[in-house]
Amino acid sequence: MFDLLPHLLNGLTLGLLFALIALGFMLIVGLMEQINLAHGSLFALGAYVAMQLTGPRPPLPAELAKAWLALPLGWRYAATLVIAPVIVSLVGMLIELCMRRTYGKDPLYGLLLTFGAAMVIEEMIRLVWGTRDYVLQVPSAINGGFLFGDLIWSTYRFYAAGISAGVIGLVWLLIEKTSFGATVKAGAHDSEIVRALGINLSRLRLLVFVFGTMLAAIAGIIVAPIWGIRPHMGVDAVIPAFLVIVLGGVGSFWGAVVAGLLAGLCVGLAGAYASEWSLLSMYILLVAVVTFRARGLWGKKSVLEA
Amino acid sequence: MIVESKSSPDAARLVTPTMLVLWLVLATVPLWITRIGLYPYLGIEILIWSLYALAFNLVLGTAGLPSFGHGAYFGIGAYAFGLCQLEIVANLWICLMAAAAGAGLAGVLVALFISHRRGIYYAFMTIAFGQIFWTLAIKSHRITGGEDGLLKIKRLPADFGLVSFDLTDNVAFYYFVLAVFAVGTAALWRLVNSPYGRVVAAIRQSEVRASHLGYNVWLYKVAVFALSAAVSGFAGGLFAMAQLAAFPDVMSLHQSGYVVMMTLVGGGLVSFWGPVIGVFLFLTARDVIGALTNAWMLYFGLLFIAIVLFRPEGIAGAISAAVQQHSLGALRQRGTSAMRLLFGSGR
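Residues numbered from 1 in each chain as written. Chains lettered and ligands numbered in written order. Predicted model: local features only at pLDDT ≥ 70, side-chain atom pairs only at ≥ 80, totals over all residues. Heavy atoms only, no water.

1. Overview of the overall build of chain B
The helix and strand inventory of chain B stands at 15 helices and 2 strands. Relative to a compact globule of 347 residues, whose C-alpha radius of gyration would be 20 Å, chain B shows 22 Å and is just as compact. With the C-alpha coordinates aligned to their principal axes, the bounding extent of chain B is approximately 85 × 55 × 45 Å. Going through the 347 residues of chain B one by one, you find that 55% of them count as buried. Considering only residue pairs separated by 6 or more positions, chain B has 78% of its internal contacts joining residues 24 or more positions apart. In the structure as shown, chain B presents an accessible area of about 15400 Å², 68% of it carried by carbon and sulfur atoms. If you average the places of the 21 positive and of the 13 negative side-chain charges in chain B, the two averages end up 16 Å apart. (Helix = DSSP H or I, 4+ residues; strand = E, 2+ residues; numbered from the N terminus. Rg over C-alpha atoms; globule rule 2.2 N^0.38 Å. Buried < 20%, exposed > 50% of the residue type's maximum accessible area, 1.4 Å probe, protein only. Contact = heavy atoms within 4.5 Å. Areas by Shrake-Rupley, 256 points an atom, 1.4 Å probe, with all protein chains shown as cover. Lys, Arg positive; Asp, Glu negative; His and termini not counted. Charge placed at Lys NZ, Arg CZ, Asp CG, Glu CD.)

2. Examining the side chain of S41 of chain A
Residue and element names in this part refer to chain A. Counting through the fold element by element, S41 comes out in helix 2 (residues 39–54). The buried category is assigned to S41, whose relative accessible area is 3%. Not counting residues within four places of it along the chain, the set of residues in contact with S41 comprises A118, I121, E122, I125 and G234.

3. Considerations on the environment of S320 of chain B
Residue and element names in this part refer to chain B. As for its position among the elements, S320 is in helix 15 (residues 314–343). Between the C-alpha atom of S320 and that of V270, which follows or precedes it by 50 residues, the distance is 9.3 Å. Side-chain polar atoms of S320 contact the backbone oxygen of G317, separated by 3.2 Å. (Polar contact = N/O pair within 3.5 Å; in protein donor to acceptor, adjacent residues only side chain to side chain.)

4. Considering the pairing of strand 2 (residues 151–154) of chain A
Each regular strand displays side chains that alternate between the two surfaces of the sheet. Residues and elements named next belong to chain A. Sheet analysis places strand 1 (residues 145–148) next to strand 2, joined by 4 bridges and oriented antiparallel. Residue pairing across strands places F148 opposite L151, the latter belonging to strand 2. Between the antiparallel neighbours strand 1 and strand 2 lie 2 residues, among them G149 with a positive phi of about 65 degrees. (Pairing = 2+ DSSP bridges.)

5. Description of the nonpolar core
Among the nonpolar cores identified, the biggest contains 216 residues, and I222 of chain A together with Y73, F81 and F176 of chain B are the most heavily contacted of them. For this core, the element with the highest residue contribution is helix 1 (residues 5–32) of chain A, accounting for 16 residues. In this structure F81 of chain B touches L92, C95, L96, A99, I153, K154, L156, G237, A240 and M241 of chain B, once residues within four positions along its chain are discounted. (Core = buried A, V, L, I, M, F, W, Y, C linked by side-chain atoms within 4.5 Å.)

6. Quick word on the side chain of Q85 of chain B
Residue and element names in this part refer to chain B. Note on placement: Q85 falls in helix 4 (residues 71–88). For Q85, a relative accessible area of 7% puts it in the buried group. Among all residues touching Q85, those that are not within four sequence positions of it are A90, C95, K152, I153, K154 and L156.

7. Section: the interface of chain B and chain A
The partner chain A presents 40 residues to the 41 residues of chain B that form the contact. For the chain B and chain A pair, buried surface summed over both sides reaches about 3900 Å², with 80% attributable to carbon and sulfur atoms. Counting the contacts that link chain B with chain A gives 0 salt bridges. Taken together, chain B and chain A are joined by 4 residue pairs in polar contact (both at pLDDT 80 or more). At the level of secondary structure, the elements contributing two or more residues to the side of chain B that touches chain A comprise helix 6 (119–139), helix 12 (253–266) and helix 14 (296–310) of chain B. Here the side of chain B that touches chain A is composed, by residue class, of 29 nonpolar, 9 polar and 3 charged. (Buried area = accessible area lost by both parts, 1.4 Å probe. Salt bridge = Lys/Arg side-chain N within 4 Å of Asp/Glu carboxyl O. Nonpolar A, V, L, I, M, F, W, Y, C, P; charged D, E, K, R; others polar.)

8. Side note on a nonpolar patch on the surface
A surface patch of nonpolar side chains, about 570 Å² in accessible area, is lined by W93, F160, L162, V163 and F165 of chain B. Mapped onto the elements of the fold, F165 of chain B is located in strand 2 (residues 164–165). (Patch = residues over 30% accessible without salt bridge, like charges linked within 9 Å, V, L, I, M, F, W, Y side chains within 5 Å.)

9. A closer look at unusual backbone geometry
Residue and element names in this part refer to chain B. Phi at K152 takes a positive value of approximately 65 degrees, unusual for a residue other than glycine. Even without being glycine, L244 reaches a positive phi, approximately 60 degrees. On the basis of relative accessible area, L244 is assigned to the partly exposed category, the value being 43%.

10. Here's the deal with the pattern of salt bridges
All names here are of chain B. Enumeration according to the criterion identifies 8 salt bridges over all chains in this entry. Close ionic contact of R286 with D287 constitutes a salt bridge, the shortest N to O distance being 3.0 Å. Of the residues examined, R286 reaches a relative accessible area of 25% and is grouped as partly exposed. When its relative accessible area of 17% is taken as the criterion, D287 is described as buried.

11. Some words on the confidence of the model for chain A
Chain-level statistics for chain A give a pLDDT mean of 87 and a share of 97% at 70 or above. Least confident of the elements in chain A is strand 1 of chain A, whose mean pLDDT is 74; most confident is helix 2 of chain A, at 94. (pLDDT = per-residue confidence, 0-100.)

12. Comments concerning the state of the cysteines
One pass over the structure, following the stated rule, counts 0 disulfides over all chains. Its sulfur unpaired, C84 of chain B is 3.4 Å from the next cysteine sulfur, which belongs to C95 of chain B. (Disulfide = S-S within 2.5 Å.)

13. A few points about the packing of helix 13 (residues 274–292) of chain B against helix 14 of chain B
Residue and element names in this part refer to chain B. Two elements in contact, helix 13 and helix 14, have axes whose closest approach is 9 Å; the angle formed by their N-to-C orientations is 140 degrees. Classified by the interaxial angle, the pair formed by helix 13 and helix 14 is oblique. Every pair of crossing elements has a handedness; the one defined by helix 13 and helix 14 is right-handed. Two secondary-structure elements touch here, helix 13 through L281, F282, A285, R286, I289 and G290 and helix 14 through W296, Y299, F300 and L303. Residues of the contact of helix 13 with helix 14, tallied by class, amount to 8 nonpolar, 1 polar and 1 charged. (Axes fitted to C-alpha atoms, helices over the stretch in contact; angles between N-to-C directions. Parallel < 35°, antiparallel > 145°, perpendicular 65-115°, else oblique. Left-handed = near helix turned anticlockwise from the far one by under 90°.)

14. Some points on the packing of helix 5 (residues 92–114) of chain B against helix 6 of chain B
Residue and element names in this part refer to chain B. The interhelical angle for the contact between helix 5 and helix 6, taken along N-to-C directions, is 140 degrees, at an axis separation of 10 Å. The pairing of helix 5 with helix 6 is recorded here as oblique in orientation. By crossing handedness, the relation of helix 5 to helix 6 is classed as right-handed. Together, A106, V110, F113 and I114 of helix 5 and Y122, M125, T126, F129 and F133 of helix 6 make up the contact between the two elements. Counted by class, the contact of helix 5 with helix 6 contains 8 nonpolar, 1 polar and no charged residues.

Have a look at this one:
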């Protein structure tokens, strides 16, 4: 049993990261009924922008750069955690403005549009940063490892798991406990009525999309030190994201969180027995669940099926 | 495609005039392709991908089923061809049949799982299965060669009993692929315009209505997916011959996305030949723009976004709209001059 413990913990951490990655994706699917295939690219962009900001050559005027670099890494990292998602959200805004033309049409069009956007962003990343791998610097406080029983455990993984849980909690509060969340949900449920009540629905949708983009970027920054920063990381992220959504059921917040944990545990435990095939276990889990529960664990009927 | 098949007498034909013209034009390609700075291998690639895209459009355009993991079947075909040649028997026809059969089998297996699904759930499941096959291809080092691919695939001679053609030369192989392409397009055209094809098109319009009419929608969806997978696998087998190897790359989510792009850019949703236009544009753009800049995907991506936004029916759709408008305009002009003649307007 004790041999399995590290795999179990690994799986849980991975599961929380999966849930974090899927969160922004899920918000846009659940509240706008749009599939954002560019989610992975925005995730990667977040990591690249953060790397550039915390790196030795920040893209700032000379004086500002000097002042910025004089700050301790911890401060810079904390600031980047806010600044980078804001920068990336501008790209998300652009995508949403293009996407407006596809609302009310077959959801396929939105999906294809964001596939094109993903391609463009990925090529941009390749143009700016090339194809080599980068490392995101993190403050020494969350770097390194510690002993846990007789196991060496990475501090960063604990930090990443904690942040993920925190962000998931915050998003839940925002959606379930604030009037903003209530309006957004109402807008998803019945856009006519919400518009009739004098609420600017297109601004609301823009806000949701921007928020989802910021979550993608945050996930990118958190995951980057574990997966490494490379052009392919976007695809590596978008696949677990959609998998978690389908497994949990489109439109269900807790479904996505539980599905994320389940997928993570599945990969972690499979890693104990057949590490080569651990990623495959995720897909097998998905196929097994969806064969018996067509809409995932907690899915509701949605327009996406039409 | 539905509109076309109803109004045009070509639907009942085995070989249409469009088809003949296309084949004849394609037959002249090796004569001039090197003179415009391209090379015969590009022609081979365009033909193979066209066959693949036409097979894919059977699912997307005819049946309206969003399959986003189709690269898997193309790749399985390539591997099946290679494995058959290396492990079982080095006969071109048997190996090509193995490519189609292997991919078709995988297609049946997947279709059995997903054919009760609709819309985005269908799309997601095809992605999941695509990823499963891709992972299998990458991780099964001993069978597929992993990331390095399956090497040492040969262009087997096309043996017709009395005569046998050597296909190692690119031009000879081009003509072989063209012959296969001709047979393939005629067969796909017949299939789309057959009673079976009509039912599939009806399912695209409304699954509920088709099932109320007494059709077993599930079975039709399984069959069309498996057929499409088999033809994609056949094209994959040809691709393994062209490349002299099989790589897991074609099975990735990206490459599966490219065939969707090619099909839509060309206009697969409204025209039988749309996918061919898309493939031609995609592959020549890759080579021509790719020679000028190393970010050709950026420009193609932007073009794709523009097409989805402004011309979702693709290039074929834009052409047919332009033709229609033109003929309408000409008609109106003729109409007004007739009116003028009759009523002497303006005076």
